[in-house]
Structure formats: structure tokens, C-alpha cells
Amino acid sequence: MARILCYDQRFQGRSPGNLDAWGFVMKAMPYVWTWGSAAEIDAAEGLLKQATDLDPDYPRANCLLALMLTTRVLLGLDAQATHLPAALEMAERAIRREPEDP
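**Student:** Whenever I open this one, the nonpolar core confuses me. Can you help?
**Tutor:** Counting residues in hydrophobic clusters, the biggest one holds 19 residues, and the most contacted among them are Val25, Val32, Leu48, Ala51 and Met68. At the level of elements, α2 (19-32), α3 (38-54), α4 (59-74) and α5 (80-97) are the ones that each hand at least two residues to this core. If one sorts the elements of this core by residue count, α4 sits on top with 6 residues. Residues contacting Leu48, with those up to four places away along its chain left out, are Val25, Ala28, Val32, Ala61, Leu64, Leu65 and Met68.

Dropping the structure here:
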């Protein structure tokens, strides 16, 4: 029981400052996990950028956007220099904001 309460308390501390930002992250999730086409990666990026525009420090949006930028490089869609510096900055921002939620 104590573990559930602890998890619940940690979860409550992670809510975004803007629920619309959370909505954009949720809409991006199907595209994030498919590792599909460039069009799906574009769709995820667009939704995640909208989330970070609304809440620039939202850790989940930052880490998933960093993942999408890195995915572009891993799939050979873009060069490393194009996206990896921005991806690293977003990942570090997410870690600074919420270090216990990798």
C-alpha cells in the first residue's frame, strides 16, 4: 500500500503546467512508438512541438521530442549535426526538471 501511495505522489508531481500540452503528448504517442515512416515521425514532432510551445519545461514532451529527433538520425533521415545537439538539450532539460522519470 505504501508503494502505491508513493507512486501516486510522484505521479502527481509530474503533471504539466498546461493540460493542453499533455493532450498533444497523448496524441503524439501512437506516432512515437511506431518508428514508422518519415511522415509519422513528422506528425509526432509536430504534436510534441505544440506541447513544448505551450509548456517549454514539460519533461515528457521534451524527452519524447528528443527521442523523435534522435530517431531521425538513427533511421538515416537526417544528419547527426542537424538534430543531435537539440535532442541533447531537450533531454537534459527533461532530466533537470524531473530527474526521477527517465
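**Student:** Is there a simple way to explain the pattern of salt bridges in this structure?
**Tutor:** All told, the structure shown has 5 salt bridges when counted by the stated rule. Asp42 is paired through a salt bridge with Arg72; the nearest N and O atoms lie 2.0 Å apart. Highlighted residues: Asp42 in helix α3 and Arg72 in helix α4, separated in sequence by 30 residues. According to the relative accessible area criterion, Arg72 is buried, its value standing at 9%.

About the thresholds
- Residues numbered from 1 in each chain as written.
- Predicted model: local features only at pLDDT ≥ 70, side-chain atom pairs only at ≥ 80, totals over all residues.
- Heavy atoms only, no water.
- Core = buried A, V, L, I, M, F, W, Y, C linked by side-chain atoms within 4.5 Å.
- Buried < 20%, exposed > 50% of the residue type's maximum accessible area, 1.4 Å probe, protein only.
- Helix = DSSP H or I, 4+ residues; strand = E, 2+ residues; numbered from the N terminus.
- Contact = heavy atoms within 4.5 Å.
- Salt bridge = Lys/Arg side-chain N within 4 Å of Asp/Glu carboxyl O.

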